[in-house]
Amino acid sequence: MSRASIWIFDVTTERLGGGDSIVLWGLRSDGVVTPLVDTSFEDHIYVAGLDVEEVRERASVAAAGRGRIRVEPVRRRYRGVELEVARVSGEQEAVKAVAKALDNVADVFEADVRLSQKYILYRGVKPSRWYEAVYEDLERPFYPGAARLVELNEGADAPPPSLKTLALEFITLSRLGSPDPDRDPLVAVALYWGEEVEWISGDERSLFERLSEIVSELDPDVILSFGGNRVFYPYLVERAGNLGVSLRLGRYPGEIYQSVLGHFSIGGRINVDLYEYVDDSPIFQMKTLEELTAYLGLSQPRVRLDPHLYAHYWESDREALREYVGWRVVSIYNSFEVVREEVVSLSAITGIPMDYVLTSSSGRRIEFYVMGEAVKRGELIPPQVERRVRSYQGGLVLQPRPGLHRDIAVIDFKSMYPSIMMRFNISPETVVEGRVENGEYFEELGLSVRRDIEGLFPSVLGLLLSKRDETRRMMEGLSRSDPMYRVLDARQRTLKILANTVYGYMGWGAARWYSAEAASLVTFIGRRMISRSMDRAREMGLEVIYGDTDSLFIRHDPAKVDRLLGWISEYLGMEAKVEKVYRRLLFTSAKKRYAGVYDGVIDIVGLEYNRRDWCGYARELQGEVVAEVLRAGGVGRSLDILREYVSRLRRGEVPLEKLVIWEQITRPLDEYRVNAPHVEVARELARRGWRIGRGVFIGYVVTRGEGPIYKRAVHYLEADPSMVDVNYYIEHQLIPVVHRVLEPLGVPRKRVEAAARHTGRGLDAFM
DNA sequence: TGGGGCCGGGG
DNA sequence: GTGTACGGCCCCA
C-alpha cells in the first residue's frame, strides 16, 4: 500500500482485464506518472414514467447475457418536481442495452453521459486538482507505475506540478490549402520542449518512426500544437494509414484516434491545441499564432511566411521556412507557458479534463459544471435532444444622438443578466407559464417565477460568484510574483466568464437545460431596468445620449449621477457604476457605432476600423481620422489625411496585403444561395482542390474589369499589385470610412468625394 | 430602388 | 455548436 499526493490530469474509461475500469491519470509531485485504476465504479441510468417492477422485468430481459444489473427505486427531482424513479446500474454494456430497450416506453436519463464523466460527477473527482491517494500494486500494470486505487481524498489547493511539454509543428508539401493525406507528403516535423528546436525530416516512413521514438523517449505529459485537431492529426492518422506505418504517440499501445467533437485522443497524454484557445476568443480576429504571441507579449517572427506557401518555400527558400517554423514551434511552447493556468482552471472548475476542455464549446463547459451541481442536489440530468428553437427579444438599444459630445459618463450595470437571474430566481425549472401560487407573475410575457424552490441556475451563479469573491480575497495577501497569484487570477477570470455564459446557455437550442422562456424573462427584466433608469435619469435632469442593453451614456454631472446610482441600487436592487467618462465622444447616426476618448485612450466601437471584412488600408485610415476628429474636436485635418491615403494608393505604394478583404466561410459551399465575392473565391479554390470547410478565412482583393465584384474578386495569393482596382478601393473603401466619421459633423459626402479626387501630384497616374 | 442574404462585432 | 440587436455590404428583381 502506498500513499502520495497526486494531480489528476485526465479521467478515462478503459477495458482492462474484461470489465469497465476508470483510469485516473495522475502525476505525483515529483513528476512521475501514476495511472490509478478504479474497477469499483458502475454505470447507471434513471428511468422515469414506468413502474419500478416493470423496469426490473424489462431490464433483466434486455441485459440478459450482457452482464449483471441492479434495479432500485430512488427519489430524484426533475424540473422542480420530486418523483420516484428506477435506478438501473451495472456493467456498461448491460446498462446501455437496458437504456436502448426502454427508450421508447419510458423516460431514460443519463444514458447520454459517458462513464468517465459520470465518475467525475458522482465521485466528485475533478481533474486538474490535487488529491491524496492510497493505492496498491496491480498484478498486471498496463503502464509502468499503474496501480489500483484504494482511497482518494481532496488534496491541497496548490499550483499544478510541472508538466513535461512538447510542442509540434508540421511541414507538409500542400499546395492547395490544408494538407491532403492522399496527395501531400509530410516532409518535416519541428519539435520543441524547452531546449533546442529539434527537426526530423527525410524519408516519410522513417520520419513517422522517428517521431514516435522521440515522443516515447521524451514521454511528455502535454503535446501542444496549433491546429492539430483541425488539420494535422486527421492528416497524420490517414497518412500513416496510407503508408502502412504506425504512429505511436500515446503512453500505452494504441494509436491516436478521433474522439468527441473533432478532438484527437493521445492515450495517457494531454492534447492541447492552442488554435482552439485562439478560436474561442474575440480578441483574436484572424485566429493566427502571431496574434496570440502579440497578445501574450511574446516575440514576433523575424520573417513572416504564409502557411499556405510552405511547399513553395520548401523548394525556394528552405532557410526562411526553417526559421519561421522554428519560431512557430517555440512560440506554441511559450504561449502555453503563459496560458497554462487558464486552461488548468477551466478544467478544474468545470470538471472537464484538460485534454478536451479547449475543444468543448462554452455551452458544454458551463453545462458540465451545472451537471455537477444537479447531481449534488439530487436532480436528474436532462437528455440532449434535437428541438425547434424559439427566438425571443433581446436587449434594449437606444437611438444615439449623432455628433460630437463632451464629458459623457458611461454607466454600466454590473453583471446585469447574472444579477437578474439571482435576484428573481430565474432558472429553467422555476419559470413557468401562467400564474402560480407563491410565484411572481410577469403579465407582459404571461410567465411566472416560482419562489417555493431555489432555482438550480441562481444557485450555480451564486456559487460561481461567491467563489470568485473568495478567490479575489485570497489574492490580496499574495505578491504578484507568487505562482499561486497567477493560479488564483486565472481562476477568478474563469469563474467570471463561466457566470456570464449561464444566461446565453439557457437560450441555446442544444442545451440540456434549454428554456427560451427563462431567457426571455431575463432580457425582459433587463429592458425594463434600463428603461426605468433612463426615465429616472431624465426626471433628475440628466441628459441620456445613448444606451445599449446594460449601459447608459449620460452627460456627466457627478452629483446627479451619484444619486442615480443610489436610486438604481435602492429601487432596482442592482449595482451600477461609472465605467468611464469620455472627454470627447463621437456618435454616428447608427446604433452600436461610435468612438470616444477618455484618459488618453481612444475607443472605437463598431466602426469599420474594427472589422476584418474591410481592408487594412481603409481601417488604418479610419483610425487616423477618428484620432484627428477627437483631437481637434472637429474635422481638423481629416480630409488631408484622406488625400494622402488616396495618393499613396494611386502611386502604387500600398502593399497588396493591406488591400486584402477577409471573410469567413460559415457553411458548406453548396449551401450558399448567393453570389458573394468571398464565396465565389472559395468556390474557385475548391474547384482547384482546396478543402474549404466552415471556419476557413478567405482573403481576396478586388481587381479591375467588368461586371459585379464577385466576378472580380481574386484570392490574395493569385493577385498582383497591377491587377488592383484602385477606383474600387477609393470609392468603396476609403471614401465610406471617412464619410462615416465626418457625416455626424455635418460634412456632406460630396465634400469627401471631392477631397478624394483632388489629391494634387500623382492624380490620374493610373487612370 | 428596395428587399434579401450574409457577415461581423457589440453588450 | 451560449444568447439577441444591429448596420451595411453586395446582389438581384
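Residues numbered from 1 in each chain as written. Chains lettered and ligands numbered in written order. Predicted model: local features only at pLDDT ≥ 70, side-chain atom pairs only at ≥ 80, totals over all residues. Heavy atoms only, no water.

Colleague: Is there a simple way to think about the pattern of salt bridges in this case?
Modeller: Opposite charge on two side chains permits pairing when their charged atoms draw close. Within the structure shown, the criterion is met by 59 salt bridges. Here Glu-367 ties to Arg-512 by a salt bridge, and the two come within 3.6 Å at their closest N and O atoms. Residue Glu-367 is found in helix α11 (residues 362-376), and its partner Arg-512 is found in the loop between α14 (483-506) and α15 (516-539); the two are separated by 145 residues along the sequence. Owing to a relative accessible area of 2%, Glu-367 belongs among the buried residues under this scheme. Overall, Arg-512 belongs to the buried group, its relative accessible area being 5%. For Glu-373, the salt bridge is made with Lys-376, and the minimal N-O distance between the two is 3.1 Å. On the criterion of helical spacing, the pair formed by Glu-373 and Lys-376 is a turn pair, its members being three residues apart in helix α11. (Salt bridge = Lys/Arg side-chain N within 4 Å of Asp/Glu carboxyl O. Helix = DSSP H or I, 4+ residues; strand = E, 2+ residues; numbered from the N terminus. Buried < 20%, exposed > 50% of the residue type's maximum accessible area, 1.4 Å probe, protein only.)

Colleague: Is there a simple way to think about the protein's contact with DNA strand B in this case?
Modeller: In the vicinity of DNA strand B lie 19 residues, with Gln-285, Asp-550, Tyr-594, Thr-666 and Tyr-672 positioned nearest. If you look at DNA strand B and keep only atoms within 4 Å of the protein, 87% of those are sugar or phosphate atoms. A distance of 2.9 Å separates a phosphate oxygen of DNA strand B from a polar side-chain atom of Asn-610. Between a phosphate oxygen of DNA strand B and a side-chain N or O atom of Thr-666, the distance comes to 2.5 Å. Its residues placed into classes, the surface near DNA strand B shows four nonpolar, six polar and nine charged. (Near = heavy atom within 4 Å. Polar contact = N/O pair within 3.5 Å; in protein donor to acceptor, adjacent residues only side chain to side chain. Nonpolar A, V, L, I, M, F, W, Y, C, P; charged D, E, K, R; others polar.)

Colleague: When you look at the protein's contact with DNA strand C in this model, what are you seeing that I'm missing?
Modeller: If you check the shell around DNA strand C, you find 28 residues, and the closest are Ser-361, Ser-362, Gly-394, Asn-675 and Tyr-710. Near the protein, meaning within 4 Å, the atoms of DNA strand C are sugar or phosphate in a fraction of 88%, with bases accounting for the rest. Here Ser-362 contributes a backbone N or O atom positioned 3.5 Å from a phosphate oxygen of DNA strand C. Tyr-392 is positioned with one of its backbone polar atoms (N or O) 3.2 Å from a sugar or linking oxygen of DNA strand C. Counting only elements with at least two residues in the surface near DNA strand C, the list comes to α11, α14 and α20 (726-742).

Colleague: What is the right way to read the nonpolar core from this model?
Modeller: Side chains of nonpolar character tend, in soluble globular proteins, to be buried together. Of all hydrophobic cores here, the largest spans 136 residues; its most connected members are Ile-420 and Ile-426. The dominant element in this core, judged by the number of residues it contributes, is helix α9 (residues 318-350), at 14 residues. Apart from residues lying up to four places away in sequence, Ile-426 is in contact with Ile-420, Met-421, Val-431, Val-449, Phe-457, Pro-458, Met-506, Ala-518, Leu-521, Val-522 and Ile-525. In terms of nonpolar packing, the next biggest core, distinct from the first, is built from 59 residues, Val-679, Trp-690, Val-747 and Ala-755 among them. (Core = buried A, V, L, I, M, F, W, Y, C linked by side-chain atoms within 4.5 Å. Contact = heavy atoms within 4.5 Å.)

Colleague: Is there a simple way to explain the confidence of the model for chain A in this structure?
Modeller: Close inspection of predicted coordinates is inappropriate in any region flagged by low pLDDT. Scored by pLDDT, chain A comes out at a mean of 94, with 99% of its residues at no less than 70. Across residues 761-767, where pLDDT falls below 50, the model places ten contacts with residues more than four positions away in sequence or in other chains. (pLDDT = per-residue confidence, 0-100.)

Colleague: Just to check I follow, could you spell out the packing of aromatic side chains for this structure?
Modeller: Remark: the centre distance and the inter-plane angle together describe each pair of aromatic rings, the angle taken between the planes. Considering all chains together, one arrives at 32 aromatic pairs under this definition. Taken together, a centroid distance of 5.0 Å and an interplanar angle of 55° make the contact between Tyr-546 and Phe-587 tilted. Note that Tyr-546 is positioned in strand β21 (residues 544-547) and Phe-587 in strand β23 (residues 576-587), a separation of 41 residues in sequence. In this pair, the class of Tyr-546 matches that of Phe-587, namely buried. Taken together through their ring pairs, the aromatic side chains of Tyr-546, Phe-553, Tyr-582, Phe-587, Tyr-594 and Tyr-598 make up a single cluster. Taking the ring centre of Tyr-275 as reference, the NZ or CZ of Arg-230 above it sits at 4.2 Å. (Phe/Tyr/Trp six-rings, centres within 6.5 Å; stacked < 30°, edge-to-face > 60°. Lys NZ or Arg CZ within 6 Å of the ring centre and 35° of its normal.)

Colleague: I would appreciate a short explanation of the pairing of strand β13 (residues 222-225) in the present structure.
Modeller: The side chains of a regular strand alternate, first on one face of the sheet and then on the other. Taking every second residue as pointing to the same face, both faces of β13 are buried, with Val-222 and Leu-224 on one and Ile-223 and Ser-225 on the other. As paired strands, strand β10 (residues 165-172) and β13 are joined by three bridges and run parallel to one another. Looking across to β13, one finds that Thr-165 is bridged to Val-222. In this structure, β13 lies alongside strand β16 (residues 270-273), joined through four bridges in parallel fashion. (Pairing = 2+ DSSP bridges.)

Colleague: I tried to follow unusual backbone geometry on my own but got confused; where do I start?
Modeller: Phi is mostly negative for residues that are not glycine, and the peptide bonds are mostly trans. A positive phi angle, close to 40°, is found at Ser-415, a residue other than glycine. Tracing the backbone shows Ser-415 in the loop between β17 (403-413) and α12 (416-424). Taking the relative accessible area as the measure of exposure, Ser-415 reaches 29% and is therefore partly exposed. The backbone phi angle of Asn-438 is positive, close to 60°, even though this residue is not glycine. Inspection of the secondary structure assignment puts Asn-438 in the loop between β18 (431-433) and β19 (439-442). Looking at Asn-438, the relative accessible area reads 54%, which means it is exposed.

Colleague: What is the right way to read the sheet that holds strand β8 (residues 130-137) from this model?
Modeller: Whenever strands of a sheet pair, they do so through backbone hydrogen bonds, lying parallel or antiparallel. Pairing within the closed barrel is mixed, and its five strands lie in the order β1-β2-β3-β9-β8. Across the sheet, the axes of successive neighbouring strands diverge by a mean angle of 50°, strand direction being ignored. Sheet topology note: the strand β1 (residues 2-15)/strand β2 (residues 20-28) ladder contains nine bridges and is antiparallel. When the bridges of β2 are listed, Thr-12 appears paired with Val-23. (Axes fitted to C-alpha atoms, helices over the stretch in contact; angles between N-to-C directions.)

Colleague: Whenever I open this one, the side chain of Thr-350 confuses me. Can you help?
Modeller: Within the secondary structure, Thr-350 sits in helix α9. Classification of Thr-350 by relative accessible area gives buried; the value is 1%. Engagement of the side chain of Thr-350 in a polar contact is seen with the backbone nitrogen of Ile-352, the distance being 3.2 Å. In this view, Thr-350 contacts Lys-126, Val-357, Arg-365, Phe-368, Tyr-369 and Leu-498; residues no more than four positions away in its chain are not counted.

Colleague: I keep staring at the sheet that holds strand β5 (residues 69-78) and nothing clicks. Help me out?
Modeller: Pairing is antiparallel across the open sheet formed by four strands, whose spatial order is β5-β6-β4-β7. The strands lining the two open edges of the sheet, one partner per strand, are β5 and β7 (107-109). On average, each strand axis in the sheet is tilted by 30° relative to the strand beside it, whichever way the strands run. Inspection of the sheet shows β5 paired to strand β6 (residues 81-90) by ten bridges, in the antiparallel sense. Opposite Glu-72, over in β6, you have Arg-87 as the bridge partner. Of the strands in this sheet, β4 (43-48), β5 and β6 touch helix α1 (residues 52-63), which is tilted by about 135° from β5.

Colleague: Just checking my understanding: could you explain the side chain of Asp-355 for this structure?
Modeller: Residue position: Asp-355 is located in helix α10 (residues 354-357). Summary of buried charges: Asp-355 has no salt-bridge partner, and the nearest side chain of opposite charge, Arg-114, is 8.4 Å away. Polar contacts involving the side chain of Asp-355 include one to the side chain of His-263, which spans 2.9 Å. When residues no more than four places from it in sequence are discounted, the contact partners of Asp-355 are Asp-10, His-263, Ser-265, Arg-269, Ile-270 and Asn-271. (Lys, Arg positive; Asp, Glu negative; His and termini not counted.)

Colleague: Looking at this structure, I do not really get α1. What am I missing?
Modeller: Helical geometry note: an α-helix holds 3.6 residues per turn, so side chains three or four residues apart project in the same direction. For α1, with twelve residues, the first-to-last C-alpha span of 16 Å sits near the 16 Å given by 1.5 Å per residue. Buried within α1 we find Val-52, Val-55, Ala-59, Ala-62 and Ala-63. One side of α1 carries all its buried residues, which in axial view fall inside an arc of 85°. Exposed side of α1, more than 90 degrees from the buried face: Glu-57 and Val-61 are the residues found there. Tucked inside the fold, the buried residues of α1 contact β4, β5, β6 and α2 (92-102). Where α1 begins, the capping side chain belongs to Asp-51, and its oxygen is found 3.0 Å from the backbone nitrogen of Glu-53. (Expected span 1.5 Å × (residues − 1). Arc of directions from axis to C-beta.)

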